[in-house]
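As a plain string of letters, each chain reads:
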Amino acid sequence: MKVPFLELKPTYDALRVELDAAYHRVMDSGWYLFGSEMAAFESEYAAAIDVGHCIAVANGLEAMQLALLAAGIGPGDEVIVPSNTYIATWLAVSQVGATLVPCEPDDETMNLDPVRVASHLTSRTRCILPVHLYGQTANVPALRALADPRNILVLEDAAQSHGATCGPRQSGALGHIAGVSFYPSKNLGAFGDAGAVTTSDDALAEKVRTLRNYGSKVRYHHEVRGINSRLSELQCAFLRSKLPHLEAWNQVRKRLAARYLEGLAGVGDLRLPVTAQGMDPVWHLFVVRTRRRDALRQFLSEHEIASQIHYPIPPHLSGAYRDAGWKAGDFPLAEHMAQQVLSLPIGPHLSESCVDYTIDTIRRFFAGGR
Ligand SMILES: *Cc1c(COP(=O)(O)O)cnc(C)c1O
């Protein structure tokens, strides 16, 4: 049995009629940027997560960059980021010229740990940037308790958590502002690059709207030095077709995750994902940890089960930050996780029998003492 890690074509097959209609609607309109599809998607996504504003942008990296720019965060300002994240989180901070302050995660949830964050606060801290890693929201209420009295911005990296909740609130509506990615493989993905900024702060929303379009509200009047981060009408129309299905797709992920959690309990030295109290994750990835990660991955591959590593190199040890002075041992938790994490296949493309076969194969790996 072949178990693919990810398959995007089945989504197109399932929604072919709606997506083809969306394509023809846009093509026939003769209007390809800043039109009715973007306006509609923005209000539909804002309503879905219960925020005042959604501003569609070109991708998730620029969404976070724009959020930081809108808040006036730049050189001399410190931004607290997780030491274990996809490099985009760090790059957004670097792009605005602010100072990265990496913080080790909670060892159980692998999300930012508010107690550790507290120890990194200084008079220059302007922003805390939690990542809802693998689809589970970080403890944003505890981070807000630190940030709000000090006038510090909480910017969510909500690229992996569409539809996840923390208590009664949705990912993207927990901080002061959030950056979202609709990269094709995300829980809600476009057919190409796409992203958004979400916020209920009217002033920040207005700034992001201006900044994403060359700093202009009125054509050829440039109030600030913005960037070009436009999202096409086509991608907005496709996202509108997919948004009503997000909840059902997330339910499939939750069922498959529950199956993994039950089937893999107590197997070998496997550490299974831990869900913190009050969180309802959407399982963008199902990440286990084991000392024998590379051998397990090899064994799975021999049995035609695809797996991936998110992420094999923590940002501080990547070439991108070679000149920044960090070295091995600086963030031991992140480094340890990079050596042990393994993402098992999960997603609406997978059947329960694929998951059962994967569970069975993992059990055989550990039973065989390999
Ligand atoms: C995908 C992702 C991003 C970046 O999104 P892009 O749309 O690829 O720019 C940022 N942060 C995290 C955690 C991601 O997974």
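Residues numbered from 1 in each chain as written. Predicted model: local features only at pLDDT ≥ 70, side-chain atom pairs only at ≥ 80, totals over all residues. Heavy atoms only, no water.

## Considerations on the overall build of the protein chain
The secondary structure content of the protein chain amounts to 13 helices and 14 strands. Scaling as 2.2 N^0.38, a compact globule of 370 residues should have a C-alpha radius of gyration of about 21 Å, and the protein chain matches this with 21 Å. The C-alpha extent of the protein chain, read off along each of the three principal axes, is 70 × 55 × 40 Å. Among the 370 residues that make up the protein chain, the fraction classed as buried is 56%. (Helix = DSSP H or I, 4+ residues; strand = E, 2+ residues; numbered from the N terminus. Rg over C-alpha atoms; globule rule 2.2 N^0.38 Å. Buried < 20%, exposed > 50% of the residue type's maximum accessible area, 1.4 Å probe, protein only.)

## Describing the packing of helix 2 (residues 16-29) against helix 9 (residues 233-242)
For the pair helix 2 and helix 9, the least separation of the axes is 9 Å and the interaxial angle reads 150°. The angle between helix 2 and helix 9 places the two elements in the roughly antiparallel class. Crossing angle aside, the handedness with which helix 2 passes helix 9 is right-handed. Residues Glu18, Leu19, Ala22, Tyr23, Arg25, Val26 and Met27 of helix 2 pack against Glu233, Leu234, Ala237, Phe238, Arg240 and Ser241 of helix 9. (Axes fitted to C-alpha atoms, helices over the stretch in contact; angles between N-to-C directions. Parallel < 35°, antiparallel > 145°, perpendicular 65-115°, else oblique. Left-handed = near helix turned anticlockwise from the far one by under 90°. Contact = heavy atoms within 4.5 Å.)

## Comments concerning the site of the ligand
The full set close to the ligand counts 13 residues, and Gly60, Asp157, Gln160, Ser181 and Lys186 are the nearest of them. At 2.9 Å from an oxygen atom of the ligand is found a main-chain nitrogen or oxygen belonging to Leu61. Ser181 is positioned with one of its side-chain polar atoms (N or O) 2.7 Å from an oxygen atom of the ligand. Among the detected pockets, the ligand sits in the largest pocket. With three residues, helix 4 (residues 60-70) is the single largest residue contributor to the shell around the ligand. (Near = heavy atom within 4 Å. Polar contact = N/O pair within 3.5 Å; in protein donor to acceptor, adjacent residues only side chain to side chain. 1 Å grid on protein atoms, 1.4 Å probe; cavity = no way out; pocket = protein on both sides within 12 Å on 5 of 7 lines; lining within 4 Å. Sits in = over half its atoms within 2 Å of the grid points.)

## So, the layout of surface pockets
A probe matching the size of a water molecule, rolled over the atoms, marks out where space remains unfilled. Considered as a void within the structure, the largest pocket measures approximately 790 Å³ in volume. Residue assignment for the lining of the largest pocket shows that the elements contributing at least two residues are helix 1 (9-14), helix 4, helix 5 (87-95) and helix 10 (246-263). The element best represented in the lining of the largest pocket is helix 4, accounting for three residues. Partitioning the lining of the largest pocket into residue classes produces 20 nonpolar, 14 polar and six charged. Inspection of the lining of the largest pocket shows a minimum of three residues originating in each of domain 1 (9-244) and domain 2 (246-367). (Points joined across faces, edges and corners; volume = space filled by probe spheres on them. Nonpolar A, V, L, I, M, F, W, Y, C, P; charged D, E, K, R; others polar. Domains from an automatic or database assignment.)

## Description of unusual backbone geometry
Tyr311 follows His310 through a cis peptide bond whose omega is 10°. Positive phi, normally seen in glycine, also occurs at Phe34, with a value near 50°. Relative to the elements of secondary structure, Phe34 occurs in the loop between helix 2 and helix 3 (36-49). Judged by relative accessible area, Phe34 falls into the partly exposed class, the value being 31%.

## Quick word on the sheet that holds strand 9 (residues 195-199)
Taken together, seven strands build an open sheet; the order of strands is 1-9-8-5-4-2-3 and the sheet is mixed. The sheet is open, and its two edges are formed by strand 1 (53-57) and strand 3 (99-103), each paired on a single side. Pairs of neighbouring strands in the sheet enclose a mean axial angle of 25°, with direction left out of account. Against the sheet, helix 4 touches strand 1, strand 4 (125-128), strand 5 (153-157), strand 8 (177-181) and strand 9, its axis set at about 165° to strand 8. The strands touched by helix 8 (residues 202-211) within the sheet are strand 1, strand 5, strand 8 and strand 9, with strand 1 carrying the most contacts at an inclination of about 20°. (Pairing = 2+ DSSP bridges.)

## Details of the domain arrangement of the protein chain
Its domain assignment divides the protein chain into domain 1 (9-244) and domain 2 (246-367). The C-alpha centroid of domain 2 is placed 24 Å from the C-alpha centroid of domain 1. With 42 residues of domain 1 at the interface, the matching set in domain 2 holds 34 residues. Between domain 1 and domain 2 lies a buried interface of about 3,200 Å² when both sides are counted; carbon and sulfur atoms form 62% of it. Summed over the shared surface of domain 1 and domain 2, the number is three salt bridges. For the pair domain 1 and domain 2, the interface holds 22 residue pairs in polar contact (both at pLDDT 80 or more). Tallying contributions element by element places helix 5 first for the side of domain 1 that touches domain 2, with four residues. Partitioned by chemical class, the residues of the side of domain 1 that touches domain 2 number 17 nonpolar, 18 polar and seven charged. (Buried area = accessible area lost by both parts, 1.4 Å probe. Salt bridge = Lys/Arg side-chain N within 4 Å of Asp/Glu carboxyl O.)

## Points about the sheet that holds strand 7 (residues 169-170)
Overall, antiparallel pairing links the three strands, which are arranged 7-6-12 in an open sheet. Both outer strands of the open sheet, strand 7 and strand 12 (279-280), are each paired with one neighbouring strand and no more. With two bridges joining them, strand 6 (residues 165-166) and strand 12 adopt antiparallel strand pairing. Each bridged residue has a counterpart across the sheet, and for Thr165 the counterpart in strand 12 is Asp280.

## What about empty space enclosed by the protein?
Tallying each qualifying case throughout the model produces two cavities of 30 Å³ or more. The space that makes up the largest cavity amounts to roughly 120 Å³. As for the largest cavity, its lining consists of 14 residues, of which Leu133, Tyr134, Gln136, Pro273 and Trp283 are closest to the centre. Residue classes in the lining of the largest cavity are distributed as 10 nonpolar, three polar and one charged. Both domain 1 (9-244) and domain 2 (246-367) contribute no fewer than three residues apiece to the lining of the largest cavity. Its volume calculated, the second largest cavity comes out at about 90 Å³. In this structure, the second largest cavity is lined by 13 residues; those nearest its centre are Asn84, Thr85, Tyr134, His310 and Tyr311. For the lining of the second largest cavity, the leading source of residues is helix 12 (residues 332-340), giving three residues. By residue class, the composition of the lining of the second largest cavity is 10 nonpolar, three polar and no charged. Each of domain 1 (9-244) and domain 2 (246-367) contributes no fewer than three residues to the lining of the second largest cavity.

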